[in-house]
Amino acid sequence: MNKAIAIFTKESFLVPVIAIILGLLVGAIAMLAGGFNPILAYTALVEKVFGSAYNFGETIRQITPLIFTGLAVAFAFRTGLFNIGAEGQFIVGMVAATTVGVAFELPAIIHAPLAILAGAIAGGLWGSVAGYLKAKRGVNEVITSIMMNWIALYLANWVMNSFFVPKGQQRSEMVHDSAIITITWLSQMFDNARLHWGTLIAVLAAIFFYVIMWKTRTGYELRAVGLNPHASEYAGMNVNRNVIKAMFISGLFAGIGGAAEILGVFHYQAILTAQPGYGFDGIAVALIGGNTPIGVILGAILFGILSFGAAGIKFTAGVPVELIRVVIASVIFFVAAHGIVKVFVKPILKKKEGGN
Amino acid sequence: MRGITKRFPGIVANDNISFSVKKGEIHALLGENGAGKSTLMNVLFGLYQPEEGEILINEKPVKITSPNVANELGIGMVHQHFMLVETFTVTENIVLGNEPKSGLQIDIKKAVKAVEELSNQYGLKVDPNAKIEQISVGMQQRVEILKTLYRGADILIFDEPTAVLTPQEINELIEIMQSLVKEGKTIILITHKLKEIMAVCDSVTIIRRGKVIDSLKVKDTNPDDLAAKMVGREVNFSVDKQEAQPKGPILQVENVVTRGNRGVNALNGISFEVRSGEILGIAGVDGNGQSELIEVLTGLRKADSGRVLLNGKDITNHTPRDISESGLSHIPEDRHKRGLVLDFTMSENMVLETYFHPTFNKNGFLDYAAIDKHAAKLIEEFDVRTPSIHTPARALSGGNQQKAIIAREVDKNPDLLIAAQPTRGLDVGAIEFIHRRLVDQRDKGKAVLMLSLELDEIINVSDRIAVIYEGKIVGIVDAKSTTEQELGLMMSGGNRKQGGGTDE
């Protein structure tokens with residue numbers, strides 16, 4: 001029992017929890033100021049997410065791509081790089097998966113993994129372009145990876161229009177059933193919510209992140225280069241190669257995310273009118289998660305619940321979308337700004353010390 | 001300051017420390033790295049709050065809760081690492097946060113005038129309109145001093161002010177301190193250099209492991225006594241060593257030319273050799289190609305022409321890893337930039353160059369148990385004081401960081417050990433330890449190439465001394481028979497100039 005109390009009063013646990021509460025409070029104030037009932041709104045959020053099996057399943061669907069892009073951003077960040085290009089890597093992952101899914105006919109045991117692998121490699125290569133430019137030409141990866149997002153967007157539409165979209169349609173042909181990774185029986189349990197193996201792959205990806213970063217020779221080099229490129233050079237590591245490698249692995253995560261979205265959720269690729277947004281949300285997820293794999297998963301869950309539950313707030317409490325965005329932003333703001341929260345946590349911790 | 005106690009998790013940095021400084025004196029605070037000097041001064045400057053004790057200024061108790069309060073009380077600090085905005089001018093830096101204004105604009109003319117007045121009053125020569133990035137380290141330090149004076153400081157704290165200066169700049173600084181005291185200022189000098197204390201200070205307080213050991217007048221003491229009090233045992237200044245037994249050449253450098261960062265030749269056809277069983281010291285004024293030489297030898301910079309042979313094998317322009325694996329170890333001159341990944345644990349830092357060896361690397365996975373064992377062994381053997389092998393390198397004192405690097409480099413059992421400024425910024429205890437290790441290495445029949453800007457160190461430790469000037473070796477002398485004067489002349493290019501040289 002004491003142990004349980006110890007866990008719940010630990011700073012690493014308290015800070016994010018209090019951050020979320022503070023964020024919700026600020027959001028509540030914003031809603032009050034706008035003349036809406038925050039209690040009704042938050043109840044609606046909870047009901048939306050947990051109220052029905054279908055919506056709960058859909059929340060999980062919403063969370064999954066955020067885990068992938070969150071991991072992508074966090075991985076790059078650990079190696080000293082700021083990957084703003086998860087968006088573009090996600091898109092090329094989608095394109096590659098669609099291509100393999102539509103163009104080939106293979107047994108399911110090969111087809112689906114191949115499509116995912118294609119998405120992963122496409123995302124990885126897309127990421128390593130920014131890595132290459134940084135390593136060989138010294139171009140800041142923030143700029144190149146943002147630009148690559150737009151290139152990915154229009155390239156994706158061009159590829160779709162040229163090869164996969166039937167005349168007069170706005171989306172590609174369906175991928176073959178053998179490439180689909182939807183978990184039918186689970187979907188049925190959740191009233192046909194679009195649940196798929198991608199969620200499991202996301203969790204495995206988080207484990208892969210941890211192992212490669214903290215258990216392998218590659219991870220040792222990547223971290224060393226990220227923390228101190230001068231010392232890494234002195235120690236005989238190839239700094240440039242590690243930068244490219246880091247961006248490749250980072251892109252892998254986002255690429256799988258894109259592939260899973262096609263193969264698990266939509267089963268086709270629509271012509272994109274705007275960026276899907278998962279890559280940018282991934283930056284926030286990585287930030288919330290402190291760039292650790294477990295943190296990214298938790299951050300994605302938080303982010304997924306907030307953004308999916310937002311629909312509930314809108315319908316039930318009538319709060320406009322703009323105001324809901326304020327609520328989400330204030331939660332993220334407090335989670336990301338640990339320093340502010342610690343000021344609130346300190347008195348609680350002091351009291352605990354005094355009590356013992 | 002009375003009964004100051006400051007605790008950090010795991011250690012008591014200051015344990016009931018009391019000491020007093022008289023108006024108009026230069027008071028030294030002497031202690032090894034990690035003894036608690038800087039902590040104590042940070043308490044005085046308001047950066048830390050003490051758990052116990054009180055501070056009195058002019059016999060009035062004060063509460064210093066922040067550096068702003070310290071400034072108002074007339075306490076100014078000259079930090080070891082300068083806090084200057086590189087792209088601002090000298091004047092802008094000095095008035096930063098306290099600018100004279102005319103309307104909404106900064107009255108830069110008035111500011112320049114104020115800086116000039118201060119600079120004349122205390123004999124601190126600066127160019128008010130130069131940008132920080134363009135002026136020398138010595139002048140940057142004068143800017144730091146002017147900054148405190150501009151804010152009306154009466155008590156100036158100097159934190160290890162000479163660590164970054166050349167010998168000439170140190171002499172200038174000593175003059176500045178003396179003129180400041182003449183103008184009625186009080187100075188607290190944090191240092192571990194005994195020579196400086198003997199040269200400028202009136203009294204000295206010695207701190208060891210967070211406690212005051214003694215407080216006395218400088219004229220009543222001597223360097224040996226101070227060193228013993230600081231370290232807690234007798235210290236041997238001269239390096240005990242046998243006659244060198246040099247054998248065949250290990251490192252041969254032949255006519256190496258390379259360009260420096262400015263695009264001009266930093267090395268102009270440099271040639272020399274280091275034999276096994278000897279320590280070759282390289283003396284020279286900073287900026288004569290020393291850094292570039294080491295970078296070429298270790299593979300961090302490309303040579304444009306010439307050859308470098310290690311054990312007769314050509315290693316010119318090989319990769320750093322290839323050179324390291326061929327039997328060369330390198331103690332880098334900047335331990336924070338090159339020597340350590342500060343946010344890695346000590347354990348991870350101890351295998352920085354060997355992590356890929358089969359002992360630690362099993363099919364791409366690192367064996368952290370083996371790495372920890374290796375690190376624990378080295379840390380024990382080289383007496384690196386760290387709370388644990390999993391502590392980040394950043395948390396260690398400079399001396400212990402350097403010991404860790406030396407442990408790592410010596411353990412590679414290199415044929416040639418390059419030590420670049422191996423004792424910069426370290427206290428006497430650590431210096432003694434490091435010098436002994438270099439001599440040990442030599443006695444094992446290895447070659448050592450040492451580079452230092454401190455002549456004492458070069459003369460004491462080396463067997464032969466090569467003097468570098470404008471990217472060339474201008475002469476090699478026997479360390480036993482040379483003098484500082486002779487070396488000094490060679491370092492300024494004296495014996496090469498044909499009459500009427502431009503000696504400065």
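Just so it is clear, the structure is predicted and the values come from calculations on it, not from any experiment.

Rules of the game
- Residues numbered from 1 in each chain as written.
- Chains lettered and ligands numbered in written order.
- Predicted model: local features only at pLDDT ≥ 70, side-chain atom pairs only at ≥ 80, totals over all residues.
- Axes fitted to C-alpha atoms, helices over the stretch in contact; angles between N-to-C directions.
- Helix = DSSP H or I, 4+ residues; strand = E, 2+ residues; numbered from the N terminus.
- Parallel < 35°, antiparallel > 145°, perpendicular 65-115°, else oblique.
- Contact = placed C-beta atoms within 7 Å.
- Nonpolar A, V, L, I, M, F, W, Y, C, P; charged D, E, K, R; others polar.
- Domains from an automatic or database assignment.
- Expected span 1.5 Å × (residues − 1).
- Buried ≥ 20, exposed ≤ 12 C-beta atoms within 10 Å, placed from the backbone.
- Pairing = 2+ DSSP bridges.
- Left-handed = near helix turned anticlockwise from the far one by under 90°.
- Core = buried A, V, L, I, M, F, W, Y, C linked by C-beta atoms within 7 Å.

Draft legend 1. Examining the packing of helix α3 (residues 38-50) of chain A against helix α4 (residues 53-78) of chain A more closely. Residues and elements named next belong to chain A. The geometry of α3 relative to α4 is characterised by a closest axis approach of 5 Å and an angle of 90° between their N-to-C directions. Considering the angle they form, α3 stands roughly perpendicular to α4. Of α4, the residues touching α3 (which contributes Lys48, Val49 and Phe50) are Asn55, Phe56 and Thr59. A breakdown of the residues in the contact of α3 with α4 according to their chemical character gives 3 nonpolar, 2 polar and 1 charged.

Draft legend 2. Here's a closer look at the domain arrangement of chain A. Residue and element names in this part refer to chain A. One can read the domain layout of chain A as domain 1 (15-36 + 319-356) and domain 2 (60-317). For domain 1 versus domain 2, the separation of C-alpha centres amounts to 30 Å. Residue-level contacts link 9 residues of domain 1 with 9 residues of domain 2. In terms of residue class, the side of domain 1 that touches domain 2 is built from 9 nonpolar, no polar and no charged.

Draft legend 3. Fine view of the domain arrangement of chain B. All names here are of chain B. The domains assigned to chain B are domain 1 (2-231), domain 2 (236-327 + 414-504) and domain 3 (340-413). Of the residues lining the interface, 8 residues belong to domain 1; the matching set on domain 2 comes to 8 residues. Residue composition of the side of domain 1 that touches domain 2, by class: 4 nonpolar, 3 polar and 1 charged.

Draft legend 4. Inspection of the interface of chain B and chain A at higher detail. At the interface, 22 residues of chain B touch 14 residues of chain A. Only α10 (320-325), α11 (335-339) and β20 (365-366) of chain B provide two or more residues apiece to the side of chain B that touches chain A. Here the side of chain B that touches chain A is composed, by residue class, of 12 nonpolar, 5 polar and 5 charged.

Draft legend 5. Structural detail: helix α5 (residues 86-103) of chain A. Taking 1.5 Å per residue as the helical rise, α5 of chain A with its 18 residues ought to reach 26 Å, and the 25 Å between its terminal C-alpha atoms agrees with that figure. The buried fraction of α5 of chain A is high, at 17 of 18 residues.

Draft legend 6. Up close: the sheet that holds strand β21 (residues 416-420) of chain B. Residue and element names in this part refer to chain B. In space, the 6 strands of this open sheet follow the order β18-β21-β22-β15-β23-β24, with mixed pairing throughout. This sheet does not close on itself; its edge strands, each paired only once, are β18 (328-331) and β24 (472-478). In this sheet, neighbouring strand axes are inclined to one another by 20° on average, regardless of whether the strands run parallel or antiparallel. Two elements, β18 and β21, share 4 bridges in a ladder whose sense is parallel. Across the sheet, the residue bridging to leucine 328 is leucine 416, located in β21. Sitting on the sheet, helix α9 (residues 290-298) is in contact with β15 (279-283), β18, β21, β22 (447-451) and β23 (464-469), with an inclination near 150° to β21. Running over the sheet, helix α15 (residues 428-443) touches β15, β21 and β22 and is turned about 150° from β22.

Draft legend 7. How the structure looks around helix α14 (residues 293-317) of chain A. Here α14 of chain A is 25 residues long and its end C-alpha atoms lie 35 Å apart, about the 36 Å a rise of 1.5 Å per residue gives. Glycine 318 of chain A sits one or two residues past α14 of chain A and shows a positive phi near 70°.

Draft legend 8. Representation of the packing of α14 of chain A against helix α15 (residues 321-336) of chain A. Residue and element names in this part refer to chain A. One way to put it is that α14 packs onto α15 with a least axis distance of 10 Å and a crossing angle of 145°. Where α14 crosses over α15, the handedness of that crossing is right-handed. On the side of α14, the interface is formed by Leu306, Ser307, Ala310, Ile313 and Lys314, while α15 contributes Val321, Ile324, Ile328 and Val331.

Draft legend 9. Inspection of the environment of tyrosine 220 of chain A at higher detail. Among the secondary structure elements, tyrosine 220 of chain A is positioned in helix α10 (residues 217-227). Spatially, the C-alpha atom of tyrosine 220 of chain A lies 39 Å from that of serine 178 of chain A, the residues being 42 residues apart in sequence. Once you skip the residues sitting within four places of it in the chain, tyrosine 220 of chain A turns out to touch Tyr355 and Leu366 of chain B.

Draft legend 10. Just the nonpolar core, in detail. Counting 230 residues, the largest nonpolar core has Leu71, Ala259 and Leu263 of chain A together with Ile157 and Leu449 of chain B as the members making the most contacts within it. Among the elements that line this core, the one with the most residues is helix α12 (residues 239-266) of chain A, at 14 residues. Leaving out residues up to four positions away in the same chain, leucine 71 of chain A has contacts with Ala205, Ala206, Phe209, Phe253, Pro293 and Val296 of chain A.

Draft legend 11. Region of interest: the pairing of strand β16 (residues 305-310) of chain B. Residues and elements named next belong to chain B. Pairing analysis gives 5 bridges linking strand β13 (residues 249-259) to β16, with the strands arranged antiparallel. Following the sheet pairing, leucine 251 is matched in β16 by leucine 310. Pairing of β16 with strand β17 (residues 313-314), which is carried by 2 bridges, proceeds in the antiparallel orientation. By the bridge assignment for β17, leucine 310 is matched with lysine 313. Where β16 folds back onto β17 in an antiparallel hairpin, the turn is made up of 2 residues, including asparagine 311, whose phi is positive at roughly 55°.

Draft legend 12. Layout of the sheet that holds β16 of chain B. All names here are of chain B. Spatially, the 4 strands line up as an open sheet ordered β14-β13-β16-β17, and their pairing is antiparallel. On the outer flanks of this sheet lie β14 (265-275) and β17, each paired with one strand and no other. Looking at chain direction, β13 and β14 are connected through 8 bridges and run antiparallel. Among the inter-strand pairings, glutamine 252 is bridged to a residue of β14, identified as glutamate 273.

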